[in-house]
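# Architecture at a glance
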Amino acid sequence: MDSSLHEIWQTGAGSPFLPTVGKGSQFLVGFALLLFGLSLTGAFALNRSLVNLPIYGVPASLAIAFGTVYMFCAVGVYV
């Protein structure tokens, strides 16, 4: 762990970051996640119970959260 900052910088330059979801498909992924999350929210609103919370509520909130982040990245609002 006695590497200098310059050595770390040089080794990092050889391996660029490649995101899992490319810039060209972030809008589609974000839109699909938001649509999926909103449809799960509607299904949960029609039949609210404690049993349906992990089935509909948690996936809906996660899909809306990740969909919002992908949409922000797709349109140029970086968080």
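The structure reproduced in this document is the subject of the present report. Note that the structure is predicted; figures quoted are calculated from it, not measured.

The N-to-C vectors of helix α2 (residues 26-46) and helix α3 (residues 52-75) enclose an angle of 155°; their axes lie 7 Å apart at closest approach. When the axes of α2 and α3 are compared, the pair comes out roughly antiparallel. You can see that α2 and α3 cross each other, and the crossing is left-handed. Residue classes in the contact of α2 with α3 are distributed as 21 nonpolar, eight polar and no charged.

The next point concerns the packing of aromatic side chains. Inspection of the entire model under this criterion finds one aromatic pair. Look at F27 and F31: their rings are 6.5 Å apart centre to centre, the planes differ by 10°, and that puts the pair in the stacked class. Placement of both F27 and F31 in helix α2 is noted, with a separation of four residues, approximately one turn of the helix. Relative accessible area serves as the criterion here: at 46%, F27 is assigned to the partly exposed category. Classification of F31 by relative accessible area gives partly exposed; the value is 46%.

Before going further, it helps to spend a moment on the side chain of N52. Residue placement: N52 occurs in helix α3. The exposure class of N52 is buried, given its relative accessible area of 10%. Of note is the side chain of N52, whose polar atom sits 2.8 Å from the backbone oxygen of N47. Contact partners of N52, with chain neighbours within four places excluded, come to F44, N47 and G57.

Another aspect to go through is a nonpolar patch on the surface. A grouping of F27, F31, L35, F72, V75 and V77 is seen on the molecular surface, where their side chains present a nonpolar patch of about 580 Å² in accessible area. Secondary-structure elements contributing two or more residues to the nonpolar patch are α2 and α3. Structurally, F72 can be placed in helix α3.

Rules used in this analysis
Residues numbered from 1 in each chain as written. Predicted model: local features only at pLDDT ≥ 70, side-chain atom pairs only at ≥ 80, totals over all residues. Heavy atoms only, no water. Axes fitted to C-alpha atoms, helices over the stretch in contact; angles between N-to-C directions. Helix = DSSP H or I, 4+ residues; strand = E, 2+ residues; numbered from the N terminus. Parallel < 35°, antiparallel > 145°, perpendicular 65-115°, else oblique. Left-handed = near helix turned anticlockwise from the far one by under 90°. Nonpolar A, V, L, I, M, F, W, Y, C, P; charged D, E, K, R; others polar. Phe/Tyr/Trp six-rings, centres within 6.5 Å; stacked < 30°, edge-to-face > 60°. Buried < 20%, exposed > 50% of the residue type's maximum accessible area, 1.4 Å probe, protein only. Polar contact = N/O pair within 3.5 Å; in protein donor to acceptor, adjacent residues only side chain to side chain. Contact = heavy atoms within 4.5 Å. Patch = residues over 30% accessible without salt bridge, like charges linked within 9 Å, V, L, I, M, F, W, Y side chains within 5 Å. Areas by Shrake-Rupley, 256 points an atom, 1.4 Å probe, with all protein chains shown as cover. Salt bridge = Lys/Arg side-chain N within 4 Å of Asp/Glu carboxyl O.

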